[in-house]
Structure formats: structure tokens, C-alpha cells
Amino acid sequence: MYRYDEFDRRFLDERVAQFRGQVARRLAGQLSEDEFRPLRLMNGLYLQLHAYMLRVSIPYGTLSSAQLRGLAHVARRYDRGYGHFTTRQNIQYNWIKLAETPDLLADLAKVEMHGIQTSGNSFRNITTDPFAGVTAEEIEDPRPWCEIIRQWSILHPEFSFLPRKFKIAVSAATEHDRAAVKMHDLGLYIRRNAEGDVGFQVLIGGGLGRTPYLGLVLREFLPKRDLLAYLEAALRVYNQYGRRDNIFKARVKILVHSLGIEKMRAEVEAEFAAMSKDKLELPEAAVAAIRAQFSPPPYADAAGDDAILQRLTAAEPAFARWVKYNTHAHRQPGHAIVCISLKPPGKPPGDCSAAQMELIADLAEELSHAEIRVTHEQNLVLPHVRKAALYDLWRRLAAAGLASANIGLASDIIACPGLDYCGLATARSIPIAQVLGERLAAREEAIGKLAIKISGCINACGHHHVGHIGILGLDKNGEEFYQITIGGSDDEHAAIGAITGPAVAAKDVPEAVDKLIDTYIGLRQNGERFPETYRRVGMSPFKEALYAAR
Amino acid sequence: MLLDKTGGAVADEWRHLADDENAPEGEAVTVSLARWERDHNALKSRDAKLGLRLPNTANPVALNGEVHRFALIALEFPRFNDGRAYSQARLLRARLGYKGALRATGDVLRDQLLFMLRAGFDGFEVDGVRAKAEDWAKAFGEFDVFYQPAEDNRPWVMRQRFPA
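Since this is a predicted model, take the numbers as computed values, not measurements. (Residues numbered from 1 in each chain as written. Chains lettered and ligands numbered in written order. Predicted model: local features only at pLDDT ≥ 70, side-chain atom pairs only at ≥ 80, totals over all residues.)

**Overview of the overall build of chain A**
Inference 1: Broken down by element type, chain A carries 18 helices and 21 strands.
Inference 2: When the backbone C-alpha atoms are referred to their principal axes, chain A occupies close to 60 × 60 × 60 Å.
Inference 3: When each of the 550 residues of chain A is scored for burial, the buried share is 55%.
Inference 4: By sequence separation, contacts in chain A at least 24 residues apart represent 67% of the contacts at least 6 residues apart. (Helix = DSSP H or I, 4+ residues; strand = E, 2+ residues; numbered from the N terminus. Buried ≥ 20, exposed ≤ 12 C-beta atoms within 10 Å, placed from the backbone. Contact = placed C-beta atoms within 7 Å.)

As C-alpha cells, then:
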């Protein structure tokens with residue numbers, strides 16, 4: 001894991017002091033709310049329906065045990081004892097008092113954390129594959145590059161007031177995309193070219209929101225040494241030509257799709273060719289030093305662990321089910337990547353209490369080299385667990401309500417906070433997720449892998465466009481209605497879902513989802529997943545099932 | 001009120017000329033880009049300092065070859081969150097090698113001052129009423145760690161950690 005050095009620590013202390021001054025100026029009336037708003041947003045502080053909300057950045061979704069304990073402390077001391085993990089691999093607190101935020105941020109700084117650029121029209125948290133560095137299907141670990149981009153993007157003097165926010169994701173996996181790279185303003189796939197050199201395939205113009213697009217290839221192969229210069233060129237084009245007259249048309253995806261990718265590419269390449277690149281070339285030693293911080297932990301020899309695990313799963317079916325759905329292949333023999341589900345059916349997706357965070361921090365310290373990851377599906381990951389320790393881990397998680405064996409299944413629902421908290425929402429998301437989770441849990445193994453994603457408004461924080469079944473909450477004359485899309489996908493087969501038809505009332509959502517699932521089960525062949533069946537048979541059977549009898 | 005690179009108030013010798021206003025003899029004036037394009041022959045023959053006001057929709061690279069005629073270029077921030085002029089400033093400094101004065105005008109607020117300085121600005125037109133209440137010089141000293149090379153001479157961390 002990356003640990004701060006003296007420069008990083010000094011910077012963060014300076015940032016906390018600056019924000020303390022800004023809050024003081026606001027409380028003294030020297031700054032109007034209009035003037036203060038962008039300053040607090042640059043530190044992750046939003047004003048929501050009931051209180052301030054603080055979004056804390058978790059760079060590329062990686063936490064140490066000490067940091068997770070720090071997040072638990074914030075939940076206890078400054079919030080109501082819990083936090084909410086988001087689709088951006090971050091955490092949000094929903095009940096924050098403005099006057100306490102400087103102290104809160106000072107406490108976070110002690111564990112090398114902050115809320116910088118978790119909001120505002122600049123670079124947001126850089127995200128990656130939650131299995132980075134531990135999956136066997138990787139060309140190299142993407143996290144050092146995430147860290148390099150993270151540092152370069154902090155308080156950038158040219159790009160802190162872009163037309164709109166800018167999200168970057170990086171993945172080095174060759175088979176699976178667990179980072180939703182194509183849904184980002186800018187996506188980087190680490191790839192090897194024909195000459196055997198490792199570099200980046202650069203995508204631009206992806207994004208969800210009210211106009212969903214998948215990213216398009218801007219550059220087929222970018223040598224590593226040019227990464228920052230090329231990013232600067234792309235951002236300079238966006239900063240100058242992105243629309244600023246309409247907030248809904250300001251994301252880079254709109255620029256890319258109105259110019260066309262060829263014109264966009266020509267602009268970026270022209271800028272890249274003309275700019276001086278030397279300044280931004282990273283010293284070799286700097287890259288090596290950052291890479292060294294991500295070297296694998298000292299794994300134990302776990303050669304006999306597979307046999308032990310086999311014996312234990314044979315003896316206890318509930319444990320076997322958890323191992324089947326919640327663990328993944330690790331590159332190190334005898335080890336597993338463990339997903340901790342934050343989706344117990346009937347509970348708000350992604351919520352985690354302070355006590356649960358502390359337990360997970362302890363378990364990570366004991367069993368996973370003190371490391372935790374956050375996924376964009378709002379779950380947590382222990383990336384380095386010996387297989388012989390899985391049974392003990394499972395029992396201790398179960399005692400805290402954290403052993404739901406549903407990763408990737410129907411009750412592993414993504415949902416935004418919705419109208420229960422959010423000032424932008426047009427409908428509630430959490431109650432829909434709760435009802436669906438409880439209803440589908442009983443038959444989710446029979447259904448198989450299914451991604452249900454719920455957003456409480458058109459801004460699509462719940463990624464509904466890319467759900468196998470996507471649910472979008474709308475307001476119709478003061479009543480909550482839900483528009484349903486199907487066939488979306490956020491992985492290596494990324495696709496935007498299609499709208500089934502007229503929105504349905506809140507009370508009718510569970511039955512509608514049942515009908516879609518029944519139709520899928522009736523039509524699927526050879527282990528097809530929902531979007532594959534949809535692509536093969538088209539919309540009509542689903543539409544018919546939903547609307548025929550009405 | 002005009003501030004310099006240290007955040008201190010300084011006298012402003014420049015007069016911003018309207019497009020239909022005659023250029024007074026011997027006085028330092030700025031003109032709009034439209035005026036420059038229309039009257040550049042007459043403006044070039046004046047014996048006084050000339051400045052240019054560039055709208056934030058203009059591509060400064062188009063000034064290549066002419067840029068050194070200007071003793072001052074003023075860039076505008078119609079609202080503090082319209083950040084186009086940051087890129088213009090960097091293009092002027094880095095691409096065109098512009099060495100004259102570079103002034104930030106419009107919605108210039110304390111909390112953007114350091115970004116502007118780093119992007120290459122060295123003069124800041126700020127609201128006079130507001131200016132009295134704010135400690136502008138402090139804004140420049142809030143950070144001494146920077147994560148990117150820019151148009152000022154401040155070192156960036158990657159080079160500080162590993163000097164070439």
C-alpha cells in the first residue's frame with residue numbers, strides 16, 4: 001500500500017488548515033454560501049436534505065486497517081455511528097455538522113485520508129479493479145499508476161475548474177473489467193503491444209447520468225512515460241472546448257460525441273505534439289519508488305490449505321455457499337480474495353456500522369495483511385486471506401451480520417442514497433432495494449448472477465443504465481414511479497440498458513422485476529446470463545411479460 | 001484594485017480602452033481582441049505600451065508571432081468557476097514563451113489566487129470593497145507542496161523526492 005511521505009503529510013496538514021480558515025470565514029459571514037459552496041465541495045462537503053454530507057476519498061478503493069478504524073471513529077464521533085460506501089469506491093457520512101468539519105478532517109488526516117476532490121468540477125477519486133495486484137489475470141499492478149495520477153491530479157492549477165467533474169478509471173485485467181472503465185470520462189486499460197511493451201489503451205467520453213455513453217478509444221497504445229503529458233493534453237482540450245453553458249451538456253462525453261472521436265483525437269494529438277513533455281516525464285526512480293510501495297505482502301506458505309478448505313466446505317453447506325459466491329481466485333497458491341457483502345437482504349446497500357468497520361479492520365489485520373478494498377458494487381474485499389483461515393473468518397463475519405453469501409447475485413443490489421438523503425433525488429432508492437433484496441434472496445441461487453442497479457434520479461449514481469435490470473426513480477406529480485431498463489452491463493461486455501416501457505408505481509416494482517426474471521429463466525440457454533439472453537431474444541418477450549396483462 | 005505576485009496592492013498604469021475610444025498619446029492602454037484585429041496597424045505605430053484583452057473563448061496560439069508586441073495580456077474569468085483562462089495562461093507562457101505581464105480579470109477571488117499564480121498570472125484585478133476584508137497575501141502562502149510542474153518556479157514533489 002502507498003504510505004504518505006513527509007511531502008504528502010505536509011500537504012494534507014496545509015489543506016486542513018486552509019479549510020479551517022475557510023469555515024471560519026464562512027461562520028463569520030465573510031463568505032456567502034454561494035462563495036463558500038465551491039470551497040466546501042472541493043473538500044467533499046455537500047449540503048443535503050437534512051444535514052451536511054461528507055464524502056471521503058478512498059484512493060482506488062484501497063484502505064489499511066488503521067484507515068478503516070479512522071473511518072469508524074468518524075462515524076462514531078461525528079455521525080450517527082455508520083457510514084455508506086459508494087459506487088465511487090468512497091465512503092459518505094450523512095449527518096455532519098459544518099462547525100465540526102475542520103476537526104473531522106484533521107482526524108482523517110492522521111490516517112492519511114481526506115475529502116479533497118470528491119466533489120466539484122475537477123478530477124474525482126481515481127478508481128481501479130478491486131482485485132488489483134492479487135488477480136492472476138493482470139499484466140501488471142495498476143495501482144502504482146493510479147497513485148501517480150492521483151498525485152498529479154491534486155489541486156491541479158489548470159484543471160480545478162473544468163466544465164464538469166472528471167472521472168478516471170484504470171484496469172490491467174485482461175479478461176474481466178471490474179472497474180467499469182468504459183463508463184468513465186477517461187479510462188485506461190494497461191495493455192501489451194505487438195512489440196511486447198506495456199502501456200495504456202486510452203478511452204474517453206464514457207459516462208452515465210442523463211445521457212449515457214460508453215467510452216471510445218482515443219489512443220490505441222500510449223507509452224508509460226507519456227502518461228501525464230497525454231492526460232494534460234486531453235484535459236486541456238476539454239477545458240477549452242467543453243460546454244459551459246449547460247451543466248447537463250458539460251461532461252467530456254458530450255464534447256467527444258458532438259465533435260466525433262476522430263476530431264477529438266486530432267485535437268488531443270495536436271496538443272500533445274505541440275506541448276513540452278519533458279517537465280512531466282516522471283523520474284525513473286520516482287516510478288520505481290511508488291511501485292515498490294505496492295509490492296506483495298510476505299505470504300505464508302499455504303500449500304496444504306486447499307485440502308483443508310475442501311474438507312470444511314464438504315462439512316458445512318452454508319460455508320460452502322459463502323466460499324462459492326464470496327471468494328475469488330488469488331494469484332498466490334493457497335490464498336483467496338474474499339468479498340464481504342454489505343448487502344444483507346433488507347438492509348440499505350453499502351451501509352456499514354462503526355462496530356462492523358472496526359471488526360473488519362481487526363480481521364484484515366489478523367488475516368489479510370492489514371489491507372481492505374472497496375468495490376464499486378458497494379462491498380468490501382479482504383485481498384489476501386489464506387484458505388485455511390476462511391472458516392474462522394466466515395464465522396466471525398457471520399456473528400456481525402456480514403456473511404451474506406450473495407456476491408453477484410440478485411440481492412447484491414447497487415443503490416444510491418436516493419430521496420432518503422439526497423437533495424437531487426426524485427424518488428427513494430433504498431426502500432426499493434430493501435424490498436427486492438428480501439424478496440429475491442430465497443431464489444437467487446436458482447436465478448444465478450444478476451446485477452440489479454437502482455438510481456433515485458437521472459444523475460445515475462446507482463448506475464441503473466448498466467444494470468442487467470436497471471431501475472430509475474422518477475417523480476410523477478408527487479408520486480414515486482420507476483422506469484425499468486434491461487440488458488445493461490458494466491463489465492468487459494459493457495452495454496447501456498434499454499427502456500422496457502412506461503414507468504411503474506413503487507408498489508408494482510417487485511412484481512415487475514419478478515416477471516423480468518421469470519421471462520429470463522424461461523428463455524435462457526446454456527448458462528446464459530441475463531444480458532446475454534436479452535441480446536439474443538430482444539426486448540419483446542420482456543415487454544410482453546411486463547405490460548401484456550395491464 | 002490591482003494585486004501583484006505577492007498579494008500586495010500596486011498602482012495600475014493601464015487604461016482599458018473601449019472599442020470606440022481613441023487611444024490617448026503616450027498612455028499604456030489595453031484593447032480588445034476585436035479592436036486589435038481591426039486597428040492593428042494604427043496600434044502598432046503608437047509610441048506607448050500596448051496591452052491585449054483576450055476573451056476566454058479565443059485560442060491564444062493564434063497570436064503566435066504577435067504575442068511579444070504586448071506588454072500586458074489580460075485574461076478573463078467571467079465567473080470564478082469558468083476555468084478556461086487557466087489553459088490560456090499556460091499556453092501563453094509555455095507554448096508561446098510570452099514574458100510580459102499576465103493579468104487575471106473578472107471574478108478573481110482569494111481562493112483561486114494560488115491556482116492563477118501557478119498557471120502563469122502575475123497580476124490580479126480584484127474587487128476593491130472585498131479586497132479590504134481579505135488577507136490576499138496569505139492565500140499565496142497556504143501551500144508549499146505541489147503535485148505538478150506548472151508555470152511558476154515552485155518545485156513539484158516528484159522532482160523534490162528524486163532530483164534529476
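That covers the picture; the talk isn't over yet.
**Quick notes on the packing of helix H7 (residues 252-259) of chain A against helix H8 (residues 261-274) of chain A**
All names here are of chain A.
Inference 1: At their nearest, the axes of H7 and H8 sit 6 Å apart, and the two run at 110 degrees to each other. Considering their axes alone, H7 and H8 lie roughly perpendicular with respect to each other. Judged by residue contacts, Leu255, Val256 and Leu259 of H7 engage Ile261, Lys263 and Met264 from H8.
Inference 2: Within the contact of H7 with H8, the residues separate by chemical class into five nonpolar, no polar and one charged. (Axes fitted to C-alpha atoms, helices over the stretch in contact; angles between N-to-C directions. Parallel < 35°, antiparallel > 145°, perpendicular 65-115°, else oblique. Nonpolar A, V, L, I, M, F, W, Y, C, P; charged D, E, K, R; others polar.)

**What about the sheet that holds strand S12 (residues 335-340) of chain A?**
All names here are of chain A.
Inference 1: Here we have five strands laid out as an open sheet, ordered S3-S14-S15-S12-S11, and antiparallel in their pairing. Looking at which strands have only one partner, the edges of the open sheet turn out to be strand S3 (62-64) and strand S11 (327-329). Between one strand and the next, the sheet's axes are offset by a mean angle of 30 degrees, whatever the strand orientation.
Inference 2: Strand direction decides the pairing type here: S11 and S12, joined by three bridges, are antiparallel. Across the sheet, the residue bridging to threonine 327 is valine 338, located in S12.
Inference 3: Lying over the sheet, helix H12 (residues 354-367) contacts S12, strand S14 (371-374) and strand S15 (380-386), oriented at roughly 25 degrees with respect to S15. (Pairing = 2+ DSSP bridges.)

**Brief notes about the interface of chain B and chain A**
Inference 1: Contacts between chain B and chain A engage 28 residues on the former and 32 residues on the latter.
Inference 2: Going through the elements one at a time, helix H2 (84-95), helix H3 (113-119) and helix H6 (157-161) of chain B are the ones with two or more residues in the side of chain B that touches chain A.
Inference 3: Per-element accounting of the side of chain B that touches chain A gives the leading share, six residues, to H2 of chain B.
Inference 4: Looking at the side of chain B that touches chain A residue by residue, the classes come out as 15 nonpolar, five polar and eight charged.

**With respect to the domain arrangement of chain A**
A common way to state how big an interface is: give the accessible area lost once the parts meet.
All names here are of chain A.
Inference 1: Here the domain parsing of chain A yields domain 1 (6-110), domain 2 (134-292), domain 3 (305-399) and domain 4 (417-547).
Inference 2: Here the C-alpha centre of domain 3 lies 29 Å away from the C-alpha centre of domain 1.
Inference 3: With 20 residues of domain 1 in contact, the opposing surface of domain 3 contributes 20 residues.
Inference 4: For the side of domain 1 that touches domain 3, the secondary-structure elements that each account for two or more residues are S3, helix H3 (65-78) and strand S4 (82-85).
Inference 5: No other element matches the seven residues that H3 contributes to the side of domain 1 that touches domain 3.
Inference 6: Partitioning the side of domain 1 that touches domain 3 into residue classes produces eight nonpolar, 10 polar and two charged. (Domains from an automatic or database assignment.)

**Description of unusual backbone geometry**
All names here are of chain A.
Inference 1: Its identity is not glycine, yet leucine 155 carries a phi of approximately 45 degrees, on the positive side.
Inference 2: Relative to the helices and strands, leucine 155 resides in the loop between helix H5 (143-153) and strand S7 (168-171).
Inference 3: For leucine 155, a count of 22 C-beta atoms within 10 Å gives the class buried.
Inference 4: We note that asparagine 477 has phi near 50 degrees; this positive angle belongs to a residue other than glycine.
Inference 5: Positionally, asparagine 477 belongs in the loop between strand S18 (469-476) and strand S19 (479-486).

**Observations regarding the pairing of strand S4 (residues 29-32) of chain B**
Residues and elements named next belong to chain B.
Inference 1: Bridging between strand S3 (residues 15-16) and S4 involves two bridges; their strand directions are parallel. Considered in S4, the bridge of histidine 16 is made with threonine 30.
Inference 2: In this structure, S4 lies alongside strand S5 (residues 50-54), joined through four bridges in parallel fashion. Residue valine 29 lies in a different strand from S5, and its bridge partner there is leucine 50.
Inference 3: Handedness of the β-α-β unit built from S4, helix H1 (residues 33-44) and S5 comes out right-handed. (Right-handed = clockwise from strand over helix to strand, strands pointing away.)

**Details of the pairing of S19 of chain A**
Moving residue by residue along a regular strand, the side chains alternate between the two faces of the sheet.
Residues and elements named next belong to chain A.
Inference 1: Where S18 and S19 come together, eight bridges link them in antiparallel fashion. Looking at S19, one finds that glycine 470 is bridged to threonine 485.
Inference 2: What sits between S18 and S19 in their antiparallel hairpin is a turn of two residues, with asparagine 477 showing a positive phi close to 50 degrees.
Inference 3: Pairing geometry for S19 and strand S20 (residues 498-499), over two bridges, is antiparallel. Bridging across to S20, threonine 485 finds its partner in isoleucine 499.

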